[in-house]
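Coordinate analysis (summary)
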Amino acid sequence: MPASLTLAAPAKLNRMLHVVGRRADGYHELQTLFQLIDLADTLTLTRRDDGVIELLTPVAGVAHADNLVVRAAKRLQAHTGCRYGASIALDKKLPMGGGLGGGSSNAATVLVGLNALWSLDLPLTTLAELGLALGADVPVFVHGRSAWAEGVGERLTPVTLDTPWFVVVHPGVSVSTPAIFQAPELTRDTRPISMARALQGGAPTWRNDCEASVRDRHPPIAEALDWLAQHAPSQLTGTGACVFAVFDTQADAHAVADMARVKWPSWVTRGINTSPLHAALGC
Ligand SMILES: C[C@@](CO)(OP(=O)(O)O)[C@H](O)COP(=O)(O)OP(=O)(O)OC[C@H]1O[C@@H](n2ccc(N)nc2=O)[C@H](O)[C@@H]1O
Ligand SMILES: Nc1ncnc2c1ncn2[C@@H]1O[C@H](COP(=O)(O)OP(=O)(O)O)[C@@H](O)[C@H]1O
């Protein structure tokens, strides 16, 4: 194993998200389809012999110790008693708090990458358990497959989804995930459905139960959803703020993204079913 690895941390879209219950601890039971996409941050991990974990590229607004990159590395070190440390450079492309799972994916790439760099040989299931304590979306990125998820997102079944082109638009506001989950009007009793039924229904039946509350509280997100819907059915990812729509061709997606970009940061990206991180490491 070389002493340094440069690895991707891809984003996700929630193609559908149902809130099917609320647990005693206040967390909500979800059913969601996570699709990985080819938009990604890049991390360079360099092994150190002195045990220090250092993030070389600070992220504005996030303290060093709070950064999920640092927390993931320290958690892996604490769990294994490993004496190595790491210097980590993060090239951030994914908008923060946008519902694209960037922070969670960064944490997953650190867990999977350092597992290789430190020759720890932990199975992905153990890394996913370690990651779950850092965020509900970390396990799907540790496993590196588009997936049907239940629980708070930790009960995963890999799926092979279509891989269309997406336009992703950031409406320029930030959404508080706890505020949406505390919203009195949030629908929390969607009847659970089977994965087979969700997949059979396909995109025309997929919706996000958080969308109504997010629309009410954040008019710029409602505006972006309505604007995008003129071109193709639009949806919210996670609890937002990003919204997306599906296109059959790259050219159609670029044409709409070019128009969206006049007003909002926008990306064209393609759905993928396996993470480039796992392809790079052969796991
Ligand atoms: C709902 C999703 C779908 O992908 O939204 P996005 O964050 O991606 O937008 C995620 O599972 C979010 O995961 P994550 O962003 O890690 O949420 P956390 O930090 O764990 O939770 C923030 C807060 O939201 C509430 N929360 C979160 C997840 C959940 N299943 N039920 C909840 O009630 C809890 O109050 C929790 O304290
Ligand atoms: N490396 C990181 N990248 C992004 N966000 C991070 C990171 N470390 C900690 N955070 C915190 O996690 C929050 C959620 O980040 P992110 O995963 O990008 O959004 P979301 O959960 O909406 O998909 C951010 O607002 C930020 O405060």
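Residue numbers here run from 1 along each chain, matching the order of that chain's written sequence. Numbering of ligands from 1 and lettering of chains from A proceed in the order in which they are written. Totals for whole chains, interfaces and linings use every residue, but because this is a predicted model, local features are given only for residues with pLDDT of at least 70 and side-chain atom pairs only at 80 or more, for both listing and counting.

Some words on the overall build of the protein
- Note on conventions: DSSP H or I runs of at least 4 residues are helices, E runs of at least 2 residues are strands, and numbering of each starts at the N terminus. When its secondary structure is counted, the protein shows ten helices and ten strands.
- Radius of gyration (C-alpha) of the protein: 19 Å, near the 19 Å computed for a compact globule of 283 residues.
- The C-alpha extent of the protein, read off along each of the three principal axes, is 55 × 45 × 35 Å.
- Every C-beta atom is placed from the backbone, and the number of other C-beta atoms within 10 Å of a residue's own sets its class: buried at 20 or more, exposed at 12 or fewer, partly exposed in between. Going through the 283 residues of the protein one by one, you find that 44% of them count as buried.
- Pairs at least 24 apart in sequence give 73% of the contacts found in the protein among residues at least 6 apart. Only C-alpha atoms enter the radius of gyration; for comparison, a globular chain is expected to reach 2.2 Å times N to the power 0.38, where N is the number of residues. Our contact criterion uses C-beta atoms placed from the backbone: two residues qualify when those atoms are within 7 Å.

Brief notes about helix α3 (residues 124-132)
- For α3, the set of buried residues is Leu127, Ala128, Leu130 and Gly131. Buried residues of α3, seen end-on, are gathered within an arc of 160 degrees and therefore sit on one face of the element. The directions considered for the arc are those from the helix axis to the C-beta atoms.

Points about the UniProt feature "domain: GHMP kinase N-terminal" (unreviewed entry) in the protein
- UniProt positions are given in the numbering used here, feature names are shortened, and annotations may be inferred rather than shown by experiment. Per the UniProt record, the feature "domain: GHMP kinase N-terminal" (unreviewed entry) sits at residues 67-144.
- Within the segment residues 67-144, helix and strand shares are 56% and 9% respectively, and the terminal C-alpha atoms sit 21 Å apart.

So, the site of ligand 1
- Each residue gets a C-beta atom placed from its backbone. If that atom is within 6 Å of a molecule or strand, the residue is near it. Around ligand 1, a shell composed of 19 residues is seen, among which His28, Gly99, Gly135, Phe181 and Gly238 lie nearest.
- Those elements that provide at least two residues to the shell around ligand 1 are β2 (28-48) and α5 (177-182).
- Throughout this entry, Asp, Glu, Lys and Arg are counted as charged residues, while Ala, Val, Leu, Ile, Met, Phe, Trp, Tyr, Cys and Pro are counted as nonpolar. The remaining residues, Gly among them, count as polar. Within the shell around ligand 1, the residues separate by chemical class into six nonpolar, twelve polar and one charged.
- Each of domain 1 (4-159) and domain 2 (165-272) gives at least three residues to the shell around ligand 1. Domain extents, as shown, originate in an automatic or database domain assignment.

Brief notes about unusual backbone geometry
- Omega for the peptide link from Gly240 to Ala241 comes to 15 degrees, which places this bond in the cis form.
- Looking at where Ala241 falls in the secondary structure, it is placed in the loop between β8 (234-236) and β9 (243-247).
- A positive phi is found at Ser119, a non-glycine position, where the angle reads about 50 degrees.
- Topologically, Ser119 is positioned in the loop between α2 (102-117) and α3.
- A count of 11 C-beta atoms within 10 Å places Ser119 in the exposed class.

Details of the site of ligand 2
- In the region of ligand 2, 17 residues are neighbours, and Leu68, Gly97, Gly102, Gly103 and Asn106 sit closest.
- Among the secondary structure elements, those contributing two or more residues to the shell around ligand 2 are α1 (68-80) and α2.
- With four residues, α2 is the single largest residue contributor to the shell around ligand 2.
- Broken down by class, the residue content of the shell around ligand 2 amounts to six nonpolar, ten polar and one charged.

Considering the domain arrangement of the protein
- By the assigned domains, the protein splits into domain 1 (4-159) and domain 2 (165-272).
- On a C-alpha basis, the centres of domain 1 and domain 2 stand 22 Å from each other.
- The interface of domain 1 with domain 2 comprises 26 residues on the first partner and 32 residues on the second.
- Looking at the side of domain 1 that touches domain 2, the elements that each hand over two or more residues are β1 (4-22) and β2.
- Here the side of domain 1 that touches domain 2 gets ten residues from one element, more than from any other, and that element is β1.

What to know about the nonpolar core
- Each nonpolar core consists of buried Ala, Val, Leu, Ile, Met, Phe, Trp, Tyr and Cys residues. Their C-beta atoms, within 7 Å, join them into a set. Membership of the largest hydrophobic core comes to 79 residues, with the highest contact counts inside it found for Val69, Ala73, Leu111, Phe166 and Val167.
- Of the domains in this structure, domain 1 (4-159) and domain 2 (165-272) are the two that each give at least three residues to this core.
- With near-sequence residues (within four places) excluded, Phe166 lies in contact with Leu13, Ile37, Phe244, Ala245, Val246, Ala253, Thr269 and Gly271.

Comments concerning the confidence of the model for the protein
- Here pLDDT means the predictor's own confidence in every residue, given as a number from 0 to 100. Model confidence for the protein is summarised by a mean pLDDT of 97, while 100% of its residues fall at 70 or above.
- Model confidence for the complex is summarised by a pTM of 0.97, with the ipTM given as 0.95.

Here we look at the environment of Ala232
- Examined against the element boundaries, Ala232 turns out to sit in the loop between α8 (219-229) and β8.
- Taking the C-alpha atoms as reference, Ala232 lies 18 Å from Gln35; in sequence the two are 197 residues apart.
- Look past the residues within four positions of Ala232 in its chain and what remains in contact with it is Ala245, Val246 and Phe247.

Concerning the UniProt feature "active site" (unreviewed entry) in the protein
- Mapped onto this numbering, the UniProt entry annotates "active site" (unreviewed entry) at Lys12 and Asp137. A maximum C-alpha distance of 9.3 Å is found for the annotated residues, which run over 126 residues; spatially they form one tight group.
- For Lys12, the location among the structural elements is in strand β1.
- On the neighbour-count criterion, Lys12 (28 C-beta atoms within 10 Å) is buried.
- When neighbours within four sequence positions are excluded, Lys12 is seen to be in contact with Phe34, Gln35, Leu36, Ile37, Leu100, Gly101 and Val140.
- Structurally, Asp137 is set in the loop between α3 and α4 (138-143).
- With near-sequence residues (within four places) excluded, Asp137 lies in contact with Gly101, Ser104 and Gly153.

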